[in-house]
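Secondary and tertiary structure notes
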Amino acid sequence: MKKLFSLLMMVVVAQASAQMEGEVLSTTEKMQWFKDAKLGIFVHWGLYAVNGIDESWSFYNGYISHENYLKQTKGFTAKNYDPERWAKLIRESGAKYSVITSKHHDGFALWDTKYGGFNAVTNSAAKKDVLSPFVKALRKQGLKVGIYYSLPDWSYDDYTNFTRDSIRYKISEEPKRWQNFLKVYQGQLKELSKKYSPDLYWFDGDWEHNAEEWEATKVKQMLLAQNPNAILNSRFRGQGDYETPEQGMPITRPQSPYWELCMTMNNSWGYQKNDHDYKTTDQIIGIFADVIGNGGNLLLDIGPKGDGTLPEEQVEILKGLGEWTQKHKEAIYGTIAGIPQEHFYGPSTLSKDRKMLYLFVKGDANREVVLRGLKNNINRIWVVGEGTKLAHQVVGKVYWSQYPGIKYIKLPKHVLDKHMTVLAVLLDGTVDLYREDGSVIESN
C-alpha cells in the first residue's frame, strides 16, 4: 500500500509540475517581464551590411536595382561571427532581451528555412544558419529572445509588391498566387515558432495588406498554440500586445500600459560604413531615462558588419551604457513610471509600492535638485550606486494651506555621476502629489 501511495503521489506531483510549466498566463502576467525589463537590444543583420546600404528600401525605392542588391549575397560571409560575444555584450549593456531580424522585407532569411528559397544557408557566402547560434547564446546568457519578422517579401515572385513603382499582381485577380505566398510566410513563422519558441515576435510591414489578407488572427493563434505566453508587438493589424514608436521619443506619455521605443545608435538600422553620426553615451542614457520615466522600454539597435563583427563605436556605447545601468539598476529594473514633470524637471521612476521615488538628474542641476508639490515627508535621500546621504530643505510651506511647499535637495559635486546622477528619495508613504492651483490667505 505504501508503495502504491508513493507512486500515486509521484504521478500527482508530476501532473502538477506539467501544469505549472504549461500554465497560460493572463495578459498582465505575461507582459510583466517585458514591463520590468526596460532595455532591449535590436539587431539588424542581413545582406545590406555588405555594401552598407539601406536594408531592403534601397532597391524598393529605386536607389539600386534588385539585381545589384542581391549581389551582396557574395559578401555576406559571417566569417568573424561570434554570437556568444554578441550575447555577452548585450547582457553587459543591461539589456534583458534582444530582438534580431530573422528576415527583412528583402526576404533574406538568416535560418535554414524550407520555404521561400532565399536564405543564408543556400544563398550566401556564409553557407550556414546564423540565427540559431545567436538564439542559443541569448538563452545561455539568461536573456529573453525576440524574433523580428517582416510580413512582406519583396523578393518572392508570388508576393504582391515589388518596388514602390511596381506591383506583381492584385490579390483579387490572382488569388492562387496570394495563397502560395501565405503558405510560405506562415510556414516560415511555424518554423521559427517550433525551432525557437520566441518570447517575443516583432512584426513589421503590416501596412501593405489588411488583417484578413494576412490572416492575422489565424497566425496569432498558431503562434500562441506553440507558446501561449509569447508576446507580439503592435505591427500586426490589431493583434499586438504593446505599442512600438520608432526613432522619435514620445513628447507626451503614451496611453498604452506597454510600449517600446526602437531607436538607432546613429542614423541607420543596418551597418553603414559611412554613417559615423553616433549619439553619445550621455545622449542615449538621457533618452533611456526619459523612456523609463514615462513607463516604456528602449529597444536600442546595433548593426553588425557582413562578416559578423560589431563596429567599435557600437561596442563602446554598449559598454558605457552597461556601466551606468549596473550602477543604477535599483532605479531602473522593475520600476514604474515616475511623477509628472511639473513636479520635477527631469525623468523619474517609482518603486512598485510607490514609496520610493528615483530622480534622474542631468548635469549638476546647479547643485540643487528641486521637488515641487510633494505632499509626503521625506525619510531619507541618498545617491544611487554611491550611497551618500543628502540633506534637503522645505521652503514655502505654511500652516493655513494644503500646499506642501518646495523641497530643495543639496547636490554636492563629489557625488555626481559622469553621465547622469540618480537620487533615491524614500517617502513616508505612497507618493502623494499636490495637483491644485494654490491658495490665498482668507484668515491670518
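Our subject in this report is the structure included herewith. (Residues numbered from 1 in each chain as written. Predicted model: local features only at pLDDT ≥ 70, side-chain atom pairs only at ≥ 80, totals over all residues. Heavy atoms only, no water.)

**Here we look at the nonpolar core**
Put simply, the test is: Residue types Ala, Val, Leu, Ile, Met, Phe, Trp, Tyr and Cys, when buried and joined through side-chain atoms within 4.5 Å, form a set referred to as a nonpolar core. When accessible area is computed with a 1.4 Å probe and restricted to protein chains, residues below 20% of their type maximum are described as buried, those above 50% as exposed, and intermediate ones as partly exposed. To qualify as a helix, a DSSP run of H or I must reach at least 4 residues; to qualify as a strand, a run of E must reach at least 2; elements of each kind are numbered from the N terminus. Throughout, a residue-residue contact means that at least one pair of heavy atoms, one from each residue, lies within 4.5 Å.
One finds Trp45, Phe76, Leu131, Tyr185, Phe203, Phe236 and Phe360 to be the most contacted residues of the largest nonpolar core, which totals 91 residues. For this core, the element with the most residues is helix 9 (residues 175–196), which contributes eight residues. If we ignore the near neighbours within four places in the chain, the residues touching Phe203 are Tyr149, Leu151, Leu189, Leu223, Leu232, Asn233, Arg235 and Phe236. Counting 21 residues, the second-largest nonpolar core is a separate cluster that includes Leu374, Ile381, Val415 and Leu423.

**Notes on the layout of surface pockets**
Quick reminder of the rule: A pocket, in this scheme, is an open set of points on a 1 Å grid over the protein atoms alone with protein on both sides within 12 Å along at least 5 of 7 lines, while a cavity is a set where a 1.4 Å probe fits but cannot get out; residues line either one if an atom lies within 4 Å of a point. Grid points are joined across faces, edges and corners, and a volume is the space filled by probe spheres set on the points. When residues are sorted by character, Ala, Val, Leu, Ile, Met, Phe, Trp, Tyr, Cys and Pro go into the nonpolar class, Asp, Glu, Lys and Arg into the charged class, and all the rest, Gly among them, into the polar class.
Approximately 240 Å³ is the volume attributed to the largest pocket. Lining the largest pocket we find 15 residues, and of these Met249, Ile251, Asp290, Asn294 and Gln341 sit closest to its centre. For the lining of the largest pocket, the element with the most residues is helix 12 (residues 281–293), which contributes three residues. Volume-wise, the second largest pocket comes out at about 180 Å³. The residue inventory of the lining of the second largest pocket, partitioned by class, reads three nonpolar, five polar and three charged.

**Points about the pairing of strand 8 (residues 260–263)**
Convention followed: In this description, strands pair whenever DSSP reports at least two bridges between them. By convention a crossover is right-handed if, when the strands point away from the viewer, the path from the first strand over the helix to the second runs clockwise.
Alternating residues of strand 8 divide into Glu260 and Cys262 and Leu261 and Met263, and every residue in both groups is buried. Looking at chain direction, strand 8 and strand 9 (residues 297–302) are connected through four bridges and run parallel. Within strand 9, the residue paired with Leu261 across the bridge is Leu298. In the classification by handedness, the crossover that spans strand 8, the intervening helix 12 and the parallel strand 9 is right-handed.

**So, the pairing of strand 17 (residues 421–427)**
Taking burial as the measure, the seven residues of strand 17 include six buried ones, the bulk of the element. Strand direction decides the pairing type here: strand 12 (residues 356–361) and strand 17, joined by six bridges, are antiparallel. Paired with Leu359 across the two strands is Leu423, which belongs to strand 17. With five bridges connecting them, strand 14 (residues 378–383) and strand 17 associate as antiparallel partners. Residue pairing across strands places Ile381 opposite Val425, the latter belonging to strand 17.

**So, the pattern of salt bridges**
We count it as follows: Salt bridges are identified by distance alone: a Lys or Arg side-chain nitrogen within 4 Å of an Asp or Glu carboxyl oxygen.
Taken as a whole and assessed by the stated rule, the structure comprises 15 salt bridges. Between Asp241 and Lys30 there is a salt bridge, with its nearest N and O atoms 3.9 Å apart. Taken as a pair, Asp241 in the loop between strand 7 (231–232) and strand 8 and Lys30 in helix 2 (residues 27–30) lie far apart in primary sequence, 211 residues in all. In terms of burial, Asp241 and Lys30 fall into one category: buried.

**Considering the packing of helix 7 (residues 83–92) against helix 8 (residues 132–140)**
Threshold: Every angle, taken between N-to-C directions, lies between 0 and 180 degrees, and every axis is a line fitted to C-alpha atoms, over only the stretch in contact when it is a helix. Each angle receives one of four descriptions, namely roughly parallel if under 35 degrees, roughly antiparallel if over 145, roughly perpendicular if within 65 to 115, and oblique otherwise. The handedness criterion is simple: a crossing whose near helix is rotated anticlockwise from the far helix by less than a right angle is left-handed, and one whose near helix is rotated clockwise is right-handed.
With their axes 8 Å apart at the nearest point, helix 7 and helix 8 run at an angle of 40° to one another. Judged by the inter-axis angle, helix 7 sits oblique to helix 8. Crossing of helix 7 over helix 8 shows right-handed handedness. Contacts between helix 7 and helix 8 involve Pro83, Glu84, Trp86, Ala87 and Ile90 from the first element and Pro133, Phe134, Ala137, Leu138 and Lys140 from the second. Split into classes, the residues belonging to the contact of helix 7 with helix 8 amount to eight nonpolar, no polar and two charged.

**Focus on empty space enclosed by the protein**
This structure, assessed with the given rule, holds one cavity of 30 Å³ or more. Put simply, the largest cavity is a space of about 40 Å³. Forming the boundary of the largest cavity are Trp45, Gly46, Tyr48, Thr101, Ser102, Lys103, His104, Asp106, Phe108 and Leu110. Partitioned by chemical class, the residues of the lining of the largest cavity number four nonpolar, four polar and two charged.

**Observations concerning the sheet that holds strand 8**
With respect to topology, seven strands assemble into an open sheet ordered 7-6-3-2-1-9-8, the strand pairing being parallel. The outermost strands of the open sheet, each flanked by one partner alone, are strand 7 and strand 8. Across six bridges, strand 2 (residues 97–103) lies against strand 3 (residues 144–150) in parallel orientation. Directly across from Thr101, in strand 3, lies its bridge partner Tyr148. Contacts from helix 9 reach strand 2, strand 3 and strand 6 (200–204) within the one sheet, and its direction differs from that of strand 3 by about 170°.

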